[in-house]
Structure formats: structure tokens, C-alpha cells
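# Working through the structure, step by step
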Amino acid sequence: MPGPLEGLKVLELARILAGPWAGQTLADLGADVIKVESPEGDDTRRWGPPFVAAAEGGDLSAAYFHACNRGKRSIVADFTTEDGRALVERLAASADVLIENFKVGGLAKYGLDHASLSKLNPRLIYASITGFGQDGPYAARAGYDFLIQGMAGAMSITGDADGPPTKTGFAMADIFSGLYATIGILAALRRREETGQGAWIDCALMDSQVGVLANQALNYLVSGIAPSRLGNAHPSIVPYEVFPVRDGHVVIAVGNDGQFGRLCEVLKDPDLGRDPAFGTNPLRVENRAVLIGRLTALTLQFDRRALLTALERASVPAGPINTIAEAFDDPQVQHRGMRLDLPAADAASGAIPGVRTPLMIDGIAAAHPRPSPCIGEHDAEILADRAWLRP
């Protein structure tokens, strides 16, 4: 069945992660995404190991590249040449959407900026993803995920209270920026249906990272007190953190008073659940240190599997702390088909793995069947594609 964005033409002048993530999301939803690469290719093709092994020796680029370029066609264009610029202009003239993540003003010297291309194609949705946005005192700076997590406050609330500030284990600012850019693109397309006019989307990593601080941001804005690092604990809910057991650790995430009472029953201390000092969540937050100490002494009397089984029976939210390998072995993840193995004759294993976009529409998973392209793999095909390059 065709995806919901079937027929949408997307031109991607992006590399690394945030821009390609937006392009891959649109491809998974059915859009025809052409990735324009320099003769050297996207930088992430070389960001390994690990690399996807090729059937005839060598490799098919780093795993990093394949994480965010599924479903696209690749064409090479050298912006520094007149022919390269002319090719991109011809493609942009037919595109519905263009995604770029060059530094502010970086494409203007090639005549490929929004002001130039919107004259060729007034219906073009032009999405610019930068570190700090198109204006402001930091606009000219390069933006990197790690840097943004630090500057936007995320690292100040991540890590143990007595440890150093810590970034997330994945590129959170890049991923959220790619998703916010996708939302903006879809909104602009909806508006274009009524107005016939394109749009310029200004999406910044800094804005996106500040935007997803969510309750932590509001905690500060309401109280005037900047949240601090709490390790695995929650600033507003107790108990909601990691607890030790005899053979490891578990996550227990109590969300209401009823769950707290049932937790204490499972832990064989029902009187703790009736203690007025812990009768409501605000009281449990106030008396966090004492309560966590008492709960820890109780959880240490259990093995992980036995405790999780008992908590599930009692409808108390809890779970294991899986490695990524264990997560992909989890029966729920397997049932939902989150892992992809896309047939690829050039790959040594005959397939390239991937992770599908986590959307189901009418029971159909959003996952393009085509693996990530080799550099310039579709040059001839695209140059002959009259839907893009009219005579």
C-alpha cells in the first residue's frame, strides 16, 4: 500500500544526523527523497567502525550512515561547479520540500539559499536546520549535539547528584530537531494546500533542546529554582527510580497512591504503604531520602525476576534495565517489528539492518523497503526521471 506521502518530492541537501533524520522519516512515510551528496559523500559514511560489509570486499559505509538514510536515492552534485549548482536548481524547481543543514548563509554563495530557490519555485517548503537558528547572537556558530545538550540545560539535570554533568547516550538534540523539522514540514504542506505558497522553516538544535525540557523547564519557571541532577530519580514523583535487587537492578515507576500501597504489599511491608508520612506523592517527595532508604532495604531481599513478576501481577509499573541487545530480543520489540533487515545484494549478509520509524498507520508500519544508497547510486536514474527533471 502506498505511504501517506506518496508522490511528495523531497530534496535533501543535508548530512550528519538532524537533516537526514527528517528526510528518512519522510521517506518512511512514502515520500520520494533524493539525497544530494558531495563527491566525498555524507561525512557519516566514514564515521565507523562498525561498517556494513560489502559482498565483494570493503564496506557499504558506516552503520551511522545507515541509521538515518533509509529509503533515499543518492545523486552527486558538486556545489562548487556551475554544473553542480545547475543540477540542484533543476531538482529544487520540481521539489515540494528541500531540507538543508548548512551553517547560516552557507548556501547563499551558491545561490541555493531560500531566497534564491523560492524565486524558482514559490511552492517550495524550504527547511533549514542549524545549531542556533537563522538569527540571534549565536546564529553564525556551528552547532553540535553534545555542545547543545550542555548549553541548553539538558546535561545539568542528567547524571548522579555527586557526579559530573552527563549527556544522553544518543544524539538527543539532533533527533528531536529532525522530528520538529518534520512536523514543521507537514504543517507547511497543509497550509500550502490552502494558500499555494511555500514556506521557510527555521529549526534550531538549541531551540529544540530547550523545547523538550518539558516539565523540568516548567519546574524552574514556576519555582525560580533550577533543577539539579538526581541520577535516576524523578524530581516530582516518588518512588520513580532504579532500585537494587540481589542480582542486579530494576526500574520501579509508581505513579499514584494506589500503586504505592500495592508496591509495599509486594515488598511484604504493608505498614509502610499506610504510613502517613508517605501517604501522598507530595509527602513522598518531601520525605524522599527516608522512603528510598526503606524501599531499598526491601528490594534487596528479592531476585530481579521474582520481584518483576510479582509487581506485574499487582499492576505496579516496573521493568528490567535492558542492554540494547536485550531490548532487540524483547518479545514486545520483536512483535512490533522494530528491527528491519532490508534486502541488499551488495551487502555481505544479503541485507542491511535498520530500525523502523515508530509509527503504525492503519496497522502498517512506517518503513521504506529500500536500504540506504551508495554514493551516487541513482545518478543515471534521477537524471532520467521526468517527474524531477523536465525536458
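Predicted, not measured: the structure shown is a model, and the values here were computed from it.

Thresholds, definitions, all that
- Residues numbered from 1 in each chain as written.
- Predicted model: local features only at pLDDT ≥ 70, side-chain atom pairs only at ≥ 80, totals over all residues.
- Heavy atoms only, no water.
- Helix = DSSP H or I, 4+ residues; strand = E, 2+ residues; numbered from the N terminus.
- Buried < 20%, exposed > 50% of the residue type's maximum accessible area, 1.4 Å probe, protein only.
- Contact = heavy atoms within 4.5 Å.
- Pairing = 2+ DSSP bridges.
- Salt bridge = Lys/Arg side-chain N within 4 Å of Asp/Glu carboxyl O.
- Expected span 1.5 Å × (residues − 1).
- Arc of directions from axis to C-beta.
- Axes fitted to C-alpha atoms, helices over the stretch in contact; angles between N-to-C directions.
- Phe/Tyr/Trp six-rings, centres within 6.5 Å; stacked < 30°, edge-to-face > 60°.
- Lys NZ or Arg CZ within 6 Å of the ring centre and 35° of its normal.
- Polar contact = N/O pair within 3.5 Å; in protein donor to acceptor, adjacent residues only side chain to side chain.

So, about the environment of Ile292. For Ile292, the position within the fold is in helix H12 (residues 288–299). Exposure remark for Ile292: the relative accessible area of 12% places this residue in the buried category. With 187 residues separating them along the chain, Ile292 and Gly105 place their C-alpha atoms 53 Å apart. Contacts of Ile292, omitting those with residues within four sequence positions, involve Val238, Pro239, Glu241 and Phe243.

With that settled, consider the pairing of strand S5 (residues 72–76). For S5, a buried count of 4 out of 5 residues is recorded, marking the element as mostly surrounded by other parts of the structure. Pairing analysis gives 5 bridges linking strand S2 (residues 32–37) to S5, with the strands arranged parallel. Each bridged residue has a counterpart across the sheet, and for Val33 the counterpart in S5 is Lys72.

Before going further, it helps to spend a moment on the pattern of salt bridges. One pass over the structure, following the stated rule, counts 17 salt bridges. For the salt bridge of Asp341 with Arg339, the shortest nitrogen-to-oxygen distance reads 3.0 Å. Three or more residues joined by partner-sharing salt bridges are found here, namely Glu12, Lys35, Asp42 and Lys72.

Its 12 residues give H12 an end-to-end C-alpha distance of 16 Å, which sits within 8% of 16 Å, the value for a rise of 1.5 Å per residue. Burial in H12 covers these residues: Arg288, Leu291, Ile292, Leu295, Leu298 and Thr299. Axial view of H12: buried residues confined to an arc of 120°, hence all on one face. For H12, exposure combined with an orientation more than 90 degrees from the buried face picks out Ala289 and Val290. Where H12 is buried, its residues touch strand S9 (240–245), strand S10 (248–253), helix H9 (257–266), helix H10 (270–274), helix H11 (281–286) and helix H13 (304–313).

We now examine the sheet that holds strand S1 (residues 9–13). Spatially, S5-S2-S1-S6-S7-S8 is the arrangement adopted by the 6 strands of the open sheet, whose pairing is parallel. The open sheet is flanked by S5 and strand S8 (199–204), the only strands paired with a single partner. Geometrically, the sheet is characterised by an average inter-axis angle of 20° between neighbouring strands, direction not taken into account. Along the sheet face, helix H6 (residues 172–195) touches strand S6 (97–100), strand S7 (125–130) and S8 and points at about 165° away from the line of S8.

Before going further, it helps to spend a moment on the packing of aromatic side chains. Under the defined criterion, the tally for this structure stands at 4 aromatic pairs. Ring geometry for Phe79 against Phe102: centres 5.9 Å apart, planes inclined by 35°, an arrangement best described as tilted. Taken as a pair, Phe79 in the loop between S5 and helix H3 (82–94) and Phe102 in the loop between S6 and helix H4 (114–120) lie far apart in primary sequence, 23 residues in all. Residue classification places Phe79 among the buried residues on the basis of a relative accessible area of 11%. Among the aromatic residues, ring-to-ring pairing joins Phe79, Phe102 and Tyr110 into one connected group. Over the aromatic face of Phe146 sits the side chain of Lys167, whose NZ or CZ is 6.0 Å from the ring centroid.

Listed in full, the buried residues belonging to H9 are Gln259, Phe260, Leu263, Cys264 and Val266. Buried residues along H9 cover an arc of 155° about the axis, so they all sit on one side. Where the residues of H9 are buried, they touch S10, H10, H11, H12 and H13. Structurally, the start of H9 carries an N-cap: the backbone nitrogen of Gly258 is 3.1 Å from a side-chain oxygen of Asn256. Backbone geometry just downstream of H9 places Lys268 in the positive-phi region, at approximately 65°.

Our focus in this paragraph is unusual backbone geometry. Going from Pro49 to Pro50, the amide bond is cis rather than trans, its omega being 5°. At the junction of Val238 and Pro239, the peptide bond is cis and its omega measures out at -5° in the coordinates. Examined against the element boundaries, Pro239 turns out to sit in the loop between helix H8 (214–223) and S9. Unusually for a residue other than glycine, Ile16 sits at a positive phi of about 70°.

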